[in-house]
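The chain contents come next:
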Amino acid sequence: MRTREFLGKLEHDRIIQAIHEAESKTSGEIRVLIERGKLKSDPLEAAQSKFHRLGMHKTRERNAVLIFVAPRVHKLAVVGDNAIHEKCGNEFWQRIVERMRTHFQNEKFSDALIEAVKEIGSMLESHFPKTSDDTNELPNDVIES
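My aim in this report is to walk through the structure given alongside it, one point at a time. (Residues numbered from 1 in each chain as written. Predicted model: local features only at pLDDT ≥ 70, side-chain atom pairs only at ≥ 80, totals over all residues. Heavy atoms only, no water.)

## Comments concerning the packing of aromatic side chains
Move 1: Tallying each qualifying case throughout the model produces four aromatic pairs.
Move 2: Relative to phenylalanine 109, the ring of phenylalanine 104 has its centre 5.3 Å away and its plane inclined at 85°; by these criteria the two rings are edge-to-face. Residue phenylalanine 104 shares its accessibility class with phenylalanine 109, and that shared class is buried.
Move 3: Each residue in the set Phe6, Phe104 and Phe109 is aromatic and connected to the rest through ring pairs, giving one cluster. (Phe/Tyr/Trp six-rings, centres within 6.5 Å; stacked < 30°, edge-to-face > 60°. Buried < 20%, exposed > 50% of the residue type's maximum accessible area, 1.4 Å probe, protein only.)

Structure, rendered in structure tokens:
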């Protein structure tokens with residue numbers, strides 16, 4: 001599917017609201033990135049590269065998570081920074097990707113992203129609850145790259 005068509009089917013407001021709600025309960029940060037065009041590398045490598053390019057590794061508690069989608073090549077990845085990755089491991093990220101893939105196959109793109117954000121938010125909340133001095137370190141928008 002062409003990226004433009006994919007983006008046209010996304011309910012950006014619902015996704016941003018889900019990010020906001022998830023982050024309201026945790027010090028963690030969640031971002032969604034939609035990659036335009038074809039990938040030149042493995043989706044996980046591409047996601048890790050974007051994670052660093054976006055400065056997501058610079059959060060105070062190292063607990064940011066990136067949901068990466070490359071619709072044109074039908075690839076997904078989820079990357080968590082060191083602190084959250086140590087708590088949940090690869091299996092958690094793979095489970096998120098598999099659930100998203102199921103929704104994507106049914107063309108429920110927004111639902112896939114919202115469910116992933118909620119599940120990641122719950123994991124972040126259990127390990128990194130919101131504190132009184134917490135600030136929103138990263139924008140909540142859907143990134144198009």
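Still more to cover.
## Quick word on the layout of surface pockets
Move 1: Within this model, the largest pocket holds a volume of roughly 330 Å³.
Move 2: Every residue lining the largest pocket is counted, 18 residues in all, and those nearest its centre are Leu44, Gln48, Val78, Val79 and Gly80.
Move 3: No other element matches helix α4 (residues 82-105), which puts six residues into the lining of the largest pocket.
Move 4: Classifying every residue of the lining of the largest pocket by side-chain character gives nine nonpolar, seven polar and two charged.
Move 5: Empty space within the second largest pocket amounts to approximately 210 Å³.
Move 6: Elements with a contribution of two residues or more to the lining of the second largest pocket: β2 (64-70), β3 (75-80) and α4.
Move 7: Broken down by element, the lining of the second largest pocket gets its largest block of residues, three residues, from α4. (1 Å grid on protein atoms, 1.4 Å probe; cavity = no way out; pocket = protein on both sides within 12 Å on 5 of 7 lines; lining within 4 Å. Points joined across faces, edges and corners; volume = space filled by probe spheres on them. Helix = DSSP H or I, 4+ residues; strand = E, 2+ residues; numbered from the N terminus. Nonpolar A, V, L, I, M, F, W, Y, C, P; charged D, E, K, R; others polar.)

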